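# Observations on the three-dimensional arrangement
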Amino acid sequence: MKKALKITLIVVAALVAGAVILGVLNALFGDKWSLWTDYTYDDSDFTVGDGSIAVENLTEIDLDWVDGNVTVMSCQDAYPSLTETSKNELTEGSLLRWHLSEDGKLTVKYRESSFFLGRGNNKQKDLILRIPERFMEKLSIKIHVASSNVFLDRLGAKEISVESGTGNVAMLSTSICESLSIHAQKGRILVSGSVFEKMTLSTEKSEIKVDSLILPKTAELETKDGDIRMEFSAAPSITLDFHEEKGKYVSDFSLDERDGRLVSGDGACQLKVTTKSGTLYLTEK
């Protein structure tokens, strides 16, 4: 009896000590010390693996990924398609899942629903999502990634929203009819293209670069320590509302102060920039 009690106490003490050690490692080094990742969802109606998706009505895409690179691009194909690749062997459980609802919503998941060891970095899966242009006008795209780099290439969607942990986000030659929202916690943001209504970009640990052909009616850009760089081929039409603690702005263009704001041209774009210690650069190409 005493021996069984002693063993029980030893096991309990070992578990407590292990929990304390992991807690300290997590506090010091972040999520990379996490042993288990909770990636659970109801996958009962999901299809396993990549391929072409025969659909005539596509209104929304909800994509969730963990690592590697994610590329979303327009194409002239008849149907949207998913292609995943990895240098590592993929078991059935680690293959992507997708589901298409009756109202035209395509949901894409990184793998099967499960708790799994590590954070998926051992797989390093890349994903390419090709979307036919015929769906673009009314399409909303939502992307959530952990450490993946996201590339948005030649899209013309109604709206795009990206949430990223440590990965970079790049929008290239893309035209957004209504709104663009990108939040990258630790990654860089690059926007090259046109947004016609509203643009919201934010990052906590890195920088933002905007090379815009057409500025939206309203834009909000925010960093903590990173710089914000906006490039223009001619003097922009902006009304700048600049908020900073230890930051500053540098402009290649003349800015007139009106009612506490800085105005260039006719001031058509309402531009709000917030930074703690970064620098806003308004530069000519």
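The paragraphs below set out a description of the structure included in this document. From a predicted model like this one, the values you see are computed outputs, not experimental measurements. (Residues numbered from 1 in each chain as written. Predicted model: local features only at pLDDT ≥ 70, side-chain atom pairs only at ≥ 80, totals over all residues. Heavy atoms only, no water.)

### Let's talk about the side chain of Asp241
Considering the arrangement of structural elements, one finds Asp241 in strand β21 (residues 238-244). In this structure the side chain of Asp241 is engaged in a polar contact, spanning 3.0 Å, whose partner is the side chain of His243. Contact partners of Asp241, with chain neighbours within four places excluded, come to Arg261, Leu271, Lys272 and Val273. (Helix = DSSP H or I, 4+ residues; strand = E, 2+ residues; numbered from the N terminus. Polar contact = N/O pair within 3.5 Å; in protein donor to acceptor, adjacent residues only side chain to side chain. Contact = heavy atoms within 4.5 Å.)

### Observations concerning the pattern of salt bridges
Applying the stated criterion across every chain, the model contains 15 salt bridges. A salt bridge links Arg97 to Glu112; the shortest N-O distance between them is 4.0 Å. With Arg97 in strand β7 (residues 97-100) and Glu112 in the loop between β8 (105-109) and β9 (114-117), the pair connects residues that are 15 residues apart, well separated along the chain. By relative accessible area, Glu112 is classed as partly exposed at 26%. If you follow the salt bridges from partner to partner, you end up with Arg97, Arg111 and Glu112 in one network. (Salt bridge = Lys/Arg side-chain N within 4 Å of Asp/Glu carboxyl O. Buried < 20%, exposed > 50% of the residue type's maximum accessible area, 1.4 Å probe, protein only.)

### Remarks on the sheet that holds strand β6 (residues 81-85)
Pairing is mixed in the open sheet, where eleven strands are placed in the order β3-β6-β10-β5-β12-β14-β16-β18-β20-β26-β22. Each end of this open sheet is capped by a strand with a single partner; those strands are β3 (51-52) and β22 (248-251). Pairing between strand β16 (residues 189-195) and strand β18 (residues 208-214): six bridges, direction parallel. Paired with Ser194 across the strands is Ile214, a residue of β18. (Pairing = 2+ DSSP bridges.)

### Quick notes on the pairing of strand β17 (residues 198-203)
Looking at chain direction, strand β15 (residues 179-184) and β17 are connected through six bridges and run parallel. Residue pairing across strands places Leu180 opposite Met199, the latter belonging to β17. Two strands pair when backbone bridges link them, and β17 and strand β19 (residues 218-223) are joined in this way by six bridges, in the parallel orientation. Note that in β19 the partner of Thr200 across the bridge is Glu220.

Geometric values such as these leave the question of function open.
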